[in-house]
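# Summary of structural features
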Amino acid sequence: MFTFKMNAAQYRRGCLFRMRKNRLKSMPGTVSFFLAAIVLVAVLLIGADLFFFLLPLILFGMGLYEIGAYSRSCAKEFESLPFLHGTQKCTLGEDGLELQSSFERLFVRYGDIYAVKNKRRYVLILLTFGKGIIFLDKKENGSEAQELLKALEKGGVKV
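Note that the structure is a prediction, hence the values are computed from the model and not measured. (Residues numbered from 1 in each chain as written. Predicted model: local features only at pLDDT ≥ 70, side-chain atom pairs only at ≥ 80, totals over all residues. Heavy atoms only, no water.)

## Let's talk about the nonpolar core
- Phe4, Ile113, Ile125, Leu127, Ile134, Leu148 and Leu152 are the most contacted members of the largest nonpolar core, which has 38 residues in total.
- Residues contacting Phe4, with those up to four places away along its chain left out, are Gly86, Thr87, Gln88, Cys90, Leu99, Ile133, Ile134, Phe135, Leu136 and Asn141. (Core = buried A, V, L, I, M, F, W, Y, C linked by side-chain atoms within 4.5 Å. Buried < 20%, exposed > 50% of the residue type's maximum accessible area, 1.4 Å probe, protein only. Contact = heavy atoms within 4.5 Å.)

In C-alpha cells form, the structure reads like this:
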C-alpha cells in the first residue's frame, strides 16, 4: 500500500495518454489534418484562387483547436473534481489493484488494467477505459513506482 498525490499537469498528461489510447477523441483532429493536406495538394496542382488556399488553413486550425480543447477540458476536469486534489491510496493485492480517494474506490484485476506507460521519469497507469489514473513521479515516489511495476509484472500486465 502507498499513497500519492497528482497535480493538474500530471492529470493532464494522463488524460492525453488516455486520448491517444482510445483514439476516439482525436479522430476529428486527425481527419481535419488529413483533409487539409488533400485540399492543399489539390489547390497547388490545380492552381486555384487565393480563397482556396484559406480552406486548408481553416481545416488545419480546426484540428489544432480540437487538440487544445481536449487539453483544456482535462485541466477543467481536474479543477472541478476536488477528490483528485487530495491524497489517493493505492493497495496492491494478490489478484488486483485498488485505488481509493476520499470520494470513490476502484478495484481492477491485474489482467483488466487498460494501459501502462513506464518512462524514465514517471509511471502512468490507466486503470479502466474511462477513469482511474495513477501517476507516479519516479523522483518523488521511486520505491513505490518500482513496487507497483513489480506487482504489475507479477500479475501478467505488459509493462
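## A look at the pairing of strand β2 (residues 88-92)
- In the sheet, strand β1 (residues 2-4) pairs with β2 via three bridges, with the strands oriented antiparallel. Looking at β2, one finds that Phe4 is bridged to Gln88.
- Across four bridges, the pairing between β2 and strand β3 (residues 96-100) is antiparallel. Paired with Leu92 across the strands is Leu97, a residue of β3. (Pairing = 2+ DSSP bridges. Helix = DSSP H or I, 4+ residues; strand = E, 2+ residues; numbered from the N terminus.)

## Some words on a positive patch on the surface
- A cluster of basic residues, Arg12, Arg13, Arg120, Arg121 and Lys139, forms a positive patch at the surface.
- Following the sequence through the fold, Arg12 ends up in helix α1 (residues 8-22).
- Arg12 sits in the partly exposed class, given a relative accessible area of 35%. (Patch = residues over 30% accessible without salt bridge, like charges linked within 9 Å, V, L, I, M, F, W, Y side chains within 5 Å. Areas by Shrake-Rupley, 256 points an atom, 1.4 Å probe, with all protein chains shown as cover. Salt bridge = Lys/Arg side-chain N within 4 Å of Asp/Glu carboxyl O. Lys, Arg positive; Asp, Glu negative; His and termini not counted. Charge placed at Lys NZ, Arg CZ, Asp CG, Glu CD.)

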